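Commentary on secondary and tertiary structure
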Amino acid sequence: MASIERDKAIELFKKYNEEESLFKHALSVEAVMRYFARKNKEDEDEWGMVGLLHDMDYEMYPNEHCIKVKEILEKENLPESFIRAIQSHGFEICVDIEPLSAMEKTLYAVDELAGFITACALVRPSKSVEDMEVKSVKKKLKNKNFAAKVDREVINKGAERLGMSLDELIKETITALIPVQEEIGLQKIS
């Protein structure tokens, strides 16, 4: 069962964030988390809301990212497991909370990658993920100047934590983004 209703989660996210690009990123991570929850027969709503709220403290509290979120979500009476999952996506970046559960490992693995794939799509002639290939994403990953703020090491470690090849993780993340591509600022081809 979801720990927070989606409308309430969106309202809460927007209370702490005004950047449209950050909201689109939250929607993309929500979609990917829901996709992996379905694939793993887990609670799609819970995983989705963790994805949606994972960066909720980023804009207002950039120096306390993954830390301030605990205080905010405790006031909303969200369970510790929900809060811990969100905090763990900053493992070895801004917190020492290691992703251990399937939900935590998935969020850790897909956060940077969802943003990176979106950036890849935005520079494509189609502006879509529908026609994107894994090899195109991997080629862009090798170019350190492209989406330079994306931590490639986190993407690789995330795939390892999930026991997936990087190719498989990229392929699944692309697939997960197709249904929401228009909502996150990309184009639909078909």
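Below or above, wherever it landed, is the structure these notes cover. All figures in this text were calculated on a predicted structure; none of them were measured in a lab.

This paragraph deals with the nonpolar core. By size, the foremost hydrophobic cluster in this structure holds 60 residues, and its most contacted members are Leu53, Met56, Leu73, Phe82, Ile117 and Ile170. Here this core takes eleven residues from helix α2 (residues 20-39), the largest share from any one element. The contact partners of Ile170, leaving out residues within four places of it in the chain, are Leu113, Ile117, Val134, Val137, Lys138 and Leu141.

Note on placement: Glu172 falls in helix α9 (residues 166-177). Owing to a relative accessible area of 9%, Glu172 belongs among the buried residues under this scheme. If we skip the residues at most four places from it in the chain, Glu172 touches Tyr35, Phe36, Lys39 and Met164.

The next subject is helix α4 (residues 68-75). For α4, the complete set of buried residues consists of Lys68, Val69, Ile72 and Leu73. Seen end-on, α4 carries its buried residues on one side only, within an arc spanning 120 degrees. Turning to α4, the residues buried within the fold contact α1 (6-16), α3 (44-53) and α5 (80-88).

The rules behind these values
- Within each chain, residues carry numbers counting from 1 in the order of the written sequence.
- Where local features are concerned, this predicted model is filtered to residues with pLDDT of at least 70; where side-chain atom pairs are given and counted, the filter is 80 or more; whole-chain, interface and lining totals use all residues.
- The side-chain figures draw on all heavy atoms in the structure; neither hydrogens nor water molecules are used.
- What we call a nonpolar core is a set of buried Ala, Val, Leu, Ile, Met, Phe, Trp, Tyr and Cys residues that are connected through their side-chain atoms within 4.5 Å.
- The classification of residues rests on relative accessible area computed with a 1.4 Å probe and restricted to protein chains. Under 20% of the type maximum is buried, over 50% is exposed, and intermediate values are partly exposed.
- Only DSSP runs of H or I reaching four residues or more are called helices, and only runs of E reaching two or more are called strands; each is numbered from the N terminus.
- When checking whether two residues touch, look at their non-hydrogen atoms; a contact exists if any pair is within 4.5 Å.
- When we speak of the arc, we mean the arc of directions from the helix axis to the C-beta atoms.

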